[in-house]
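What the coordinates show
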Amino acid sequence: MNLRTHVKKITNRPGRSAIGTPLVEKTLWLTKMVPAVAVFSGLVWMGVSTQAHTAVSPFSSHAEALQQCPAVEEEIVDLSMLAQGLKDSKAVGLIEKIRLKKAIDGLISRFSAYHVGDRRFSMGELQQQYDVLLMRIASHLQHKDLLLHQQLCNAWELIWQDLENADRFSEKFS
Amino acid sequence: MRSGSLFIAAVMATLLVACEQPESQGHEAIIAKDLAEIISLQDLPCEKVLSWSLQHRFNYQVVCESGHEYVVHVSDEGHVNIAD
């Protein structure tokens, strides 16, 4: 017998008006409050869990930086264009160019492995590796090759989407 | 003659670079190495990164072996800035 049936049985007893007695009023109040409390608890739990997720995962939100990249006429649209730009840039020395090329190739091979099922690195870790490599490249360019630096700033998220998405990755790198 | 010297220099540089950073490196080491280079590119002392932590995307807290601590982050314009 559930609570509502029990209350109905009490109120339906002949010769007795249960409504108005303190016990029944409390019981009715409880039946109304239980769903409200459940909904409120759910909302609170959802709020807490969202807050915890935001605090734990740095990858959940879109890039907070890079919101004011200067506009450029010629945009870089993929990693091979960035690599070519680095190759042609006078801001980076020969040895550094070779080291950066090797680092880019290494990153691509790690993404390639990920997209065929190798989970040595998680996608979150690969995003950090990508970001830090681009930070390294940006550090080389930001005072010496402003155009390429601006192009890099604009292409940062675009290239990331190519790497992250399996279909786009295979389209670009296979 | 000059192009020959350049070719030899390029081959030597390639061999030199090929010998470093084996692909077997783990995630922590990959990030640490890049962060050390980012810091040293701004003429700040940090030969080796002892530990690092990600505060949020584009913002890293770094402790160098020398004891120096830095916050490495990317600005809205894509500049890499380092704060002590």
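Count 3.6 residues to each turn of an α-helix, and residues three or four apart come out pointing the same way. For helix 2 (residues 27–41) of chain B, with 15 residues, the first-to-last C-alpha span of 21 Å sits near the 21 Å given by 1.5 Å per residue. All of the buried residues in helix 2 of chain B are I30, I31, A32, D34, L35, A36, E37, I38 and I39 of chain B. Elements that come into contact with the buried residues of helix 2 of chain B comprise helix 5 (123–141) of chain A together with strand 1 (49–56), strand 2 (59–64), strand 3 (69–74) and strand 4 (80–83) of chain B. Positive phi shows up at D43 of chain B, right after helix 2 of chain B, with a value of about 55°.

All names here are of chain B. Pairing within the open sheet is antiparallel, and its four strands lie in the order 1-2-3-4. Looking along the sheet, the strands with just one partner apiece sit at the ends: strand 1 and strand 4. Put simply, the sheet's adjacent strands are angled 20° from each other on average, direction ignored. Here strand 1 pairs with strand 2 via six bridges, running antiparallel.

On to the pairing of strand 3 of chain B. Residue and element names in this part refer to chain B. In the sheet, strand 2 pairs with strand 3 via five bridges, with the strands oriented antiparallel. By the bridge assignment, Y60 is partnered in strand 3 with V72. Hairpin connection, strand 2 to strand 3: the antiparallel pair is bridged by four residues, and G67 has positive phi, about 100°. Pairing geometry for strand 3 and strand 4, over four bridges, is antiparallel. Within strand 4, the position partnered with V71 by the bridge is A83.

This paragraph deals with the interface of chain A and chain B. Facing 33 residues of chain A, the contacting portion of chain B comprises 25 residues. Among the elements of the structure, helix 4 (94–115), helix 5 and helix 6 (146–164) of chain A are those that each provide at least two residues to the side of chain A that touches chain B. For the side of chain A that touches chain B, the leading source of residues is helix 5 of chain A, giving eleven residues.

Residues and elements named next belong to chain A. Along the chain, V72 falls in the loop between helix 2 (22–56) and helix 3 (79–88). Given 17 C-beta atoms within 10 Å, V72 falls into the partly exposed group. With residues near it in sequence (within four places) discarded, V72 still touches L147, Q150, Q151 and N154.

What counts as what
- Every chain begins its residue count from 1, and numbering advances along the sequence as written.
- Chain labels run from A onward and ligand labels from 1 onward, assigned in the order the entries are written.
- The model is predicted, so local features are restricted to residues of pLDDT at least 70 and side-chain atom pairs to those at 80 or more, both for listing and for counting; the totals for chains, interfaces and linings are taken over all residues.
- Under the DSSP-based scheme used, a helix requires at least four consecutive residues in state H or I and a strand at least two consecutive residues in state E, with every element numbered from the N terminus.
- In a helix, the anticipated span is given by 1.5 Å times the number of residues less one.
- Exposure classes come from backbone-placed C-beta atoms, where a residue is buried if 20 or more other C-beta atoms lie within 10 Å of its own, exposed if 12 or fewer do, and partly exposed in between.
- A pair of residues counts as a contact when their C-beta atoms, built from backbone coordinates, are separated by no more than 7 Å.
- At least two bridges found by DSSP between two strands are what make those strands a pair.
- With axes taken as lines fitted to C-alpha atoms, and helix axes fitted only over the stretch in contact, angles between N-to-C directions fall between 0 and 180 degrees.

Interpretation note: all reported values are geometric properties and have no functional meaning in isolation.
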